[in-house]
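So you can see what is in the structure, the chains are spelled out below.
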Amino acid sequence: MIVSRRQFIRTGVAGSLLLAFSGWLNAAGERRLSSDERAMLAAIAGALLDGALPPAGDERSRLVALTVDGIARTIAGLSVASQREVGELFGLLVLAPGRMVLAGVGKPWREASVDDVSAFLESWRTSRLALLQGAYAALHDLTFGAWYARPDTWEAIAYPGPPRGYF
Amino acid sequence: MQDPIRAGLAAGWKHIDAATLGKGQTVEADVVIVGSGAGGGVTADILSASGLRVILVEEGPLRSSSDFRMLESEAYPELYQDSAARKTMDKAINILQGRCVGGSTTVNWTSSFRTPPEVFAFWQRHYGLRQLSAEAMSSWFAVMEHKLWVRAWETPPNPNNKVLAAGAEKLGIPIGAIKRNVKGCWNLGYCGMGCPTNAKQSMLLTTIPAALNRGATLYTRLRAERLRFSGGRISALDCLALRPDGIHPSGKRLQLRARHFVAAAGAIGSPALLLRSGVPDPHRLLGKRTFLHPVIISSAVMPERVDAYAGAPQTLYSDFFLHQTAIDGPLGFKLETPPLHPVLYATTLQGFGAAHAALMREFTRVNVVLALLRDGFHPESQGGQVRLGRDGLPVLDYPLGEVIWEAARRALLAMAEIQFAAGARAVTPVHETAPLYSSWAQAKKGIAELPLKPLLCRVVSAHVMGGCGMADVPQRGVADHRGRHFWLGNLSIHDGSLFPTSLGANPQLSIYGLVARNASLLAAELSGRPPPLIP
Ligand SMILES: Cc1cc2nc3c(=O)[nH]c(=O)nc-3n(C[C@H](O)[C@H](O)[C@H](O)COP(=O)(O)OP(=O)(O)OC[C@H]3O[C@@H](n4cnc5c(N)ncnc54)[C@H](O)[C@@H]3O)c2cc1C
């Protein structure tokens, strides 16, 4: 994706406006993930974990859903300030303008392909806007953290898990 | 396995989980200590031993060996600040800090180094700390080494550490063995998740039980909010009880009154408490010069299994690159090998999708070397600044500037060269745009051109220091060499926040030694007994 400097700056401004708006939406505090947020996270997890997940099918959907549950659990364990920031990011991404303008994903999350989502993640990963780069890092860490926290993912990496025995 | 904490509780230790408090109250003691980590634990032990009534305030929970099941999914949310995801303000540095009884010592990796003599010399020159020198402090370090079983580690290093040794030896780089504070260690490799066998001689197992046995009171899930003072003296500490989730305040408040107060909430928590309290700070030094030993990481795939999750985590090191330049010249760095566990490694590793999955499949063959950059000595290495966020909780603003990146590049080169010399099949700096290099020649060229910037190059830290630096005069520091606050007569600071620079060595033993000295001087003053014989 080649974006001119001007566009970057405009996106940056739009981004902070959207952030302010979604922040307002999320100011209510702790809550469960909405179904829109789950769909968004499932699309993102599908792209980040592509290569670790089995190809399309029920098993893939089941594992993605488990990962989204794990992300929700992780968020609940973050400090209030981090929860608020994550809430702002999610609030931004579930809104169609946020998804389209900032992430560049035209289709709703449920319909977006791994390639669409990967392209957006790649653009944020090396973005010149620290805001987007930091947001990418948060999505990356939440998703991989939730995935590799589960013992059923360890066999693929030959990790035997912690020693068992009498302690 | 016996659980000394559960046994102590059963025997009647005074522990109050503030999440269970039904109503607010006011409590009195001789001394209130905020934080139960390296500094708080040692202080509680020494003050209670001199007969003072001590209250320890800890915002994290009380957990012990029976709870430590060596699972990242449990350990990070239970035992670490912000579930081990605490970040600097621009999100470019991930900070590991403990948040439980025992603080970071409950989850640390047991490496034990004394404060390097050249660091004391620098403090004498720049901060007038003439009372502190390697000689003057040596008996305090010896006392704490004895107490906490700091010994040479006789077990052979695990393969992860051996990679560092093998590579360094080939290149003629000297390697040293790390002392550890363990007793009957099972060599499991899960120190970062709390020691399940009670081998690690952390504060959770040593000083805190000692203080509780003498009748000290421990409050957990209680957040120190604000010190109340007037006329140069503190009268009380206001605290917020947290809900069982350990995150949200429950609405119950506790006021603690005492003759003396000790801030030992760690190098982010202590400056934050003082900032929230609005203590006098006419020279605007509070919270500034916070150091991290910013850590740069190099990951290698070895031909054989490394199993970096198993065995004592850090047992070998090299200080070769600390001594290449003057202490205040371009930043030197210390090399060590950290433990790897799936969540820690997967979240730190760059990239996603197929490339990430492919590297993760090599997990058992991965070796990681890290470089701890010695910040705070070079005139342009001013560290970070603790500020207060909207909710009054701390945020660390640590800008990563050119002096850091210049050192990071040298460190990435040095680590890759060592890893290839040890026989690595491939090496990658943990950096968003770095590929896997398959030879040293390729790595040398690639790293030379790698764009080093915040959020592209991964930076982490487990060593937070400074923010309430010591000095001879209030123009240069927040506290004196005894940790006494310059403006409030009955306030001491006893933790890593006292250091006026970083150390260039893992900090726990430096904190133990300095705090043992200062708590002993304080105990003498408060109890009216002669000061201890050790200087
Ligand atoms: C994963 C990890 C590995 C490490 N490995 C090593 C190693 O191998 N060798 C080494 O030398 N060092 C190591 N360290 C660092 C070392 O453990 C710390 O430098 C040291 O424990 C710091 O001591 P402290 O007293 O300053 O703070 P801490 O030990 O961090 O204790 C501070 C305590 O204060 C509490 N607190 C904070 N704010 C408040 C508040 N407002 N109210 C109540 N309580 C509060 C915190 O919850 C915490 O328990 C490691 C650290 C980590 C996290």
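For the structure, see preceding data.
All residue numbers here refer to positions counted from 1 along the written sequence of the relevant chain. Note on labels: chains are lettered from A, ligands numbered from 1, in written order. It should be noted that, the model being predicted, local features are given only for residues of pLDDT at least 70 and side-chain atom pairs only at 80 or more, the latter also being counted only at that level, while totals for whole chains, interfaces and linings use all residues. The side-chain figures draw on all heavy atoms in the structure; neither hydrogens nor water molecules are used.

### Brief notes about the overall build of chain A
What counts, and what does not: Strands here are runs of E lasting at least two residues and helices are runs of H or I lasting at least four, both read from the DSSP assignment and numbered beginning at the N terminus. Any residue under 20% of the maximum accessible area for its type is buried, any over 50% is exposed, and the rest in between are partly exposed; the area is computed with a 1.4 Å probe on protein chains only. Here, two residues are considered to be in contact whenever any of their heavy atoms come within 4.5 Å of each other.
Secondary structure summary: chain A contains seven helices and zero strands in total. For chain A, the N- to C-terminal ordering of α and β elements is α-α-α-α-α-α-α. Burial statistics for chain A: of 167 residues in total, 47% are counted as buried. Of all intrachain contacts in chain A linking residues separated by at least 6 positions in sequence, the fraction that spans at least 24 positions is 63%.

### Looking at the packing of helix 2 (residues 35-48) of chain A against helix 6 (residues 114-125) of chain A
Residue and element names in this part refer to chain A. Rules: The angle between two axes is taken between their N-to-C directions and runs from 0 to 180 degrees, where each axis is a line fitted to C-alpha atoms and a helix contributes only its stretch in contact. For classification purposes, an angle smaller than 35 degrees is called roughly parallel, one larger than 145 roughly antiparallel, one from 65 to 115 roughly perpendicular, and anything else oblique. Under this grouping Gly is polar, as are all residues other than the nonpolar Ala, Val, Leu, Ile, Met, Phe, Trp, Tyr, Cys and Pro and the charged Asp, Glu, Lys and Arg.
Axis separation between helix 2 and helix 6 bottoms out at 9 Å; the angle between their running directions is 85 degrees. It follows that helix 2 is roughly perpendicular to helix 6 by the angle criterion. For the pair helix 2 and helix 6, contact is made by Ala43, Ile44, Gly46, Ala47 and Leu48 and by Val114, Val117, Ser118, Phe120 and Leu121, respectively. Among the residues forming the contact of helix 2 with helix 6, the class breakdown is eight nonpolar, two polar and no charged.

### Describing the pattern of salt bridges
Stated formally: Salt-bridge detection follows one rule: a side-chain nitrogen of Lys or Arg within 4 Å of a carboxyl oxygen of Asp or Glu.
Scanning the model with the defined rule gives 35 salt bridges over all chains in all. Between Arg6(B) and Asp3(B) there is a salt bridge, with the nearest N and O atoms lying 3.7 Å from each other. Ionic pairing is found between Asp45(B) and Arg214(B), a salt bridge with its closest N-O pair at 2.9 Å. Here Asp45(B), found in helix 2 (residues 38-49), pairs with Arg214(B), found in the loop between helix 7 (207-213) and strand 11 (217-220); they are 169 residues apart in sequence, far enough to count as distant. Residue Asp45(B) is classed as buried on the basis of its relative accessible area of 5%. Sharing partners across several salt bridges, the network here consists of Glu122(A), Arg125(A) and Glu432(B).

### Considerations on the site of the ligand
Residues and elements named next belong to chain B. Heads up, the condition is: Here, proximity means that at least one heavy atom of the residue falls within 4 Å of the molecule or strand. A 3.5 Å cut-off defines polar contacts: any pair of N or O atoms within that distance qualifies, except that in protein one atom must be a possible hydrogen donor and the other a possible acceptor, and neighbouring residues in sequence count only when both atoms are side-chain atoms. Using a 1.4 Å probe, the Shrake-Rupley method yields the accessible areas, and only the shown protein chains count as cover for residues.
Around the ligand sit 40 residues in total, of which Gly39, Glu58, Ser104, Ser111 and Gln508 are the nearest. At 3.0 Å from a nitrogen atom of the ligand is found a main-chain nitrogen or oxygen belonging to Trp109. Contact between the ligand and Asn506: an oxygen atom at 3.5 Å from a main-chain N or O atom of the residue. Out of a free accessible area of 1000 Å², the ligand has 98% covered by protein chains.

### Points about the environment of Met203(B)
All names here are of chain B. Mapped onto the elements of the fold, Met203 is located in the loop between strand 10 (179-181) and helix 7. On the basis of relative accessibility, which here comes to 0%, the residue Met203 falls in the buried class. As for Met203 and Gly102, which are separated by 101 residues in sequence, their C-alpha atoms are 4.8 Å apart. Excluding anything up to four places from it in sequence, Met203 contacts Ser36, Gly37, Ala38, Gly41, Val42, Gly102, Thr105, Leu148, Ile208, Pro209 and Tyr512.

### Focus: the pairing of strand 17 (residues 295-301) of chain B
Residue and element names in this part refer to chain B. As a reminder, the rule being used: Should DSSP find at least two bridges between two strands, the strands are taken to pair.
Where burial is concerned, most of strand 17 is hidden: seven out of the seven residues are buried. Neither face of strand 17 is exposed, since Val295, Ile297, Ser299 and Val301 on one face and Ile296, Ser298 and Ala300 on the opposite face are all buried. In this sheet, strand 20 (residues 366-373) lies alongside strand 17 in antiparallel orientation, the contact comprising seven bridges. What sits directly across from Ser298, in strand 20, is Val369. For strand 17 and strand 23 (residues 426-429), the ladder comprises four bridges, and the chain directions are antiparallel. Looking at strand 23, one finds that Ala300 is bridged to Val427.

### Let's talk about empty space enclosed by the protein
The condition that has to hold: Any residue with an atom within 4 Å of a point lines the site, the site being either a cavity, points on a 1 Å grid over the protein atoms alone where a 1.4 Å probe fits but cannot get out, or a pocket, an open set with protein on both sides within 12 Å along at least 5 of 7 lines. Grid points are joined across faces, edges and corners, and a volume is the space filled by probe spheres set on the points.
This structure, assessed with the given rule, holds seven cavities of 30 Å³ or more. What the largest cavity holds in volume is close to 130 Å³. Taken together, 16 residues form the lining of the largest cavity, with Ala137(A), Lys91(B), Ala92(B), Leu455(B) and Arg458(B) sitting closest to its centre. The dominant element in the lining of the largest cavity, judged by the number of residues it contributes, is helix 7 (residues 130-148) of chain A, at four residues. Partitioned by chemical class, the residues of the lining of the largest cavity number eight nonpolar, two polar and six charged. What the second largest cavity holds in volume is close to 100 Å³. Lining of the second largest cavity is provided by 14 residues; of these, Cys185(B), Leu188(B), Cys191(B), Cys195(B) and Thr197(B) occupy positions nearest its centre.

### Overview of unusual backbone geometry
All names here are of chain B. For Asp82, which is not a glycine, the phi torsion comes out positive at approximately 50 degrees. Within the secondary structure, Asp82 is located in the loop between helix 3 (72-79) and strand 5 (86-87). Taking relative accessible area as the criterion, Asp82 reaches 13% and is therefore assigned buried. With phi around 60 degrees, Asn187 is a residue other than glycine that occupies positive phi space. Locating Asn187 in the fold gives a position in the loop between strand 10 and helix 7.

What is shown is where atoms sit, not what they do.
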